[in-house]
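Notes for the structure review
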Amino acid sequence: MINRILIRIKVVQILYSYLLSRSEFKIEVAPETTSRDRKFAYAVYLDMMQLLLELSGVKTPIQGRQLPQIAVEKRLASNRVAHALADNDTFKAVVLKASADDINAFAPIMQSLHDKIVASVAFADFKKVRNHQLANDVKMWALVLKTTIAKDRSVEEVMRANPEFTMAGFRRGIDMLVHTLESFNDSRSAYTNARRELEQSLDKAYDLYHAMFALILDLAAEQEMRLETARNKYLATDDELNPDMRFVNGPLVQRLRADEYFCDYIKSHDITWQDQPALLRSLLDSILASEMYRDYMSGDPVSFDGDCAFWRDVLRLIILPSDELADAIEEKSVYWNDDLHIMGTFVLKTLRQFGQGGEDAPLTFLPKYKDDEDAEFGDRLFALAVEHREEYRSYIDSFVNSSWDPDRLAFMDIVLMISAIAEMVNFPAIPIPVSMNEYVEIANMYSTDRSGAFINGTLYSIVNKLKADGKLLKAID
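Heads up: these notes are all about the structure in this document. (Residues numbered from 1 in each chain as written. Predicted model: local features only at pLDDT ≥ 70, side-chain atom pairs only at ≥ 80, totals over all residues. Heavy atoms only, no water.)

1. What about the overall build of the protein?
Of regular secondary structure, the protein possesses 25 helices and zero strands. In terms of overall dimensions, the protein is more spread out than a globule: its C-alpha atoms have a radius of gyration of 32 Å, far above the 23 Å expected for 477 residues. Overall size of the protein, expressed as C-alpha extent along the three principal axes, is 105 × 55 × 45 Å. In the protein, of all internal contacts separated by at least 6 residues, the share reaching a separation of at least 24 is 80%. On the protein, roughly 23600 Å² of surface is accessible, and the fraction owed to carbon and sulfur atoms is 49%. Positive and negative side-chain charges in the protein, numbering 55 and 73 respectively, have mean positions lying 9 Å apart. (Helix = DSSP H or I, 4+ residues; strand = E, 2+ residues; numbered from the N terminus. Rg over C-alpha atoms; globule rule 2.2 N^0.38 Å. Contact = heavy atoms within 4.5 Å. Areas by Shrake-Rupley, 256 points an atom, 1.4 Å probe, with all protein chains shown as cover. Lys, Arg positive; Asp, Glu negative; His and termini not counted. Charge placed at Lys NZ, Arg CZ, Asp CG, Glu CD.)

Written out as structure tokens, the structure reads:
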């Protein structure tokens, strides 16, 4: 029921927020201070970052580097911290300004320091972990820095050769790098939270589907309260004393009130519109003033099918287009405004199916997802887009027309294209035209006026290149 159109929208929204706010490694910049300790601490900080790369078998990008080739332990070489740092643009920018003499001074002790790390308790614990995540690599290096490198006499002697050496600066520099590494935990937390938010947003969409049926019951209850108030007033008329309860107790309303699944769902998910009395009054006034209501109340008693048809028209023509409803759902959930159109369509479809089922058939609500593949689609698409974002961004940059500055592209356009590429490359059952058309439509809704055409052209070029390189085997047409 939650279809892939809505899932794609949710993935793009969450991916946009995540990529905009993530910070994998917070690389420090040179301090604006004359303090000797702070200046030396920053020099230590740069040296330790370069040393981390070298000890992992990753060559530092600094020019003039003259270090021996060391035998790097397999598990140490496979850790991803060094590669993640080496790919960090801020790291590359600050290291290129560093002196090669500083890192070259470690040449005589490089192999022995590597061997001490491999023999450490921190590394022994690291090797025991299965299914490594980058967070495990971060933890290992943070411990190695604090318990092995910071306490190693040979490292201290190399640092003491610097005329600016201070012991406070040395310790502070080590702590700065530990803090930089541990800042990655913030990013892992943001990633985990983003995936959780994606799941929650889809759960909320399904809540909205049920909430629209709950709105029918709450509108009936609002009318019942009005009729009861009129019945109890002084000098009530005959019509007020004996009101027509068709709207209040119609066949659909009664079936919804009696349906065990539906009642359990709205109760367990705390779904109600009773906290929006102004909305109920406004919507009910509009319904009561409509011609469809007058026809409904003046005709013969309606069948269950006819009652479903009446409420389908009320929802389609009065409730769903209502500005008051749009304002109310914005208060109830930050996700619902984007979900209303799609969920409304499914509610109308369900009402039609209710009516076609007949008087005695149980009410059958649409399942949350059509199948397990759809249920996994959003989380998998998000994870793939995050994992390969740099690779997919490089495709985008290589095909941006010379009249476009990559740094001035709308960030939403970049996110849309990363998502689209992730889908086209990793979901072979989805035709390329389907993926491209869906993301162009999302661009038309959420990005700039020029985005749809721009994204369509860029994706087409990327697809042709990926097919030529054998990285995409699906047909374009």
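2. A look at the pattern of salt bridges
Pairs may arise between side chains of opposite charge once their charged atoms sit close together. One pass over the full model with this rule turns up 21 salt bridges. A salt bridge links Glu423 to Arg8; its shortest N-O distance comes to 2.9 Å. With Glu423 in helix H23 (residues 411-426) and Arg8 in helix H1 (residues 4-21), the pair connects residues that are 415 residues apart, well separated along the chain. Here Glu423 matches Arg8 in class, with each residue buried. Here Lys128 makes a salt bridge to Asp125, at a shortest N to O gap of 3.8 Å. Within this pair, Lys128 and its partner Asp125 are both found in helix H8 (residues 121-128), separated by three residues, close to a single helical turn. Shared partners join several salt bridges into a network, and the residues in it are Arg4, Glu373 and Asp374. (Salt bridge = Lys/Arg side-chain N within 4 Å of Asp/Glu carboxyl O. Buried < 20%, exposed > 50% of the residue type's maximum accessible area, 1.4 Å probe, protein only.)

3. Quick look at the environment of Leu52
Checked against the element boundaries, Leu52 lands in helix H2 (residues 36-55). Since its relative accessible area comes to 2%, Leu52 is described here as buried. Residues Leu52 and His114, spaced 62 residues apart in sequence, show a C-alpha to C-alpha distance of 9.8 Å. In this structure, Leu52 is in contact with Val81, Ala82, Leu85, Trp141 and Leu181, ignoring residues within four places of it in sequence.

4. Considerations on the side chain of His114
In this fold, His114 is placed in helix H7 (residues 110-118). Discounting residues that sit within four places of it in the chain, His114 has contacts with Leu55, Ile70, Ala71, Val72, Glu73 and Leu76.

5. Here's the deal with a negative patch on the surface
Taken together, the side chains of Asp323, Glu324, Asp327, Glu330 and Glu331 make up a negatively charged region of the molecular surface. In this fold, Glu324 is placed in helix H19 (residues 323-332). Using a relative accessible area of 39% as the deciding quantity, one classes Glu324 as partly exposed. (Patch = residues over 30% accessible without salt bridge, like charges linked within 9 Å, V, L, I, M, F, W, Y side chains within 5 Å.)

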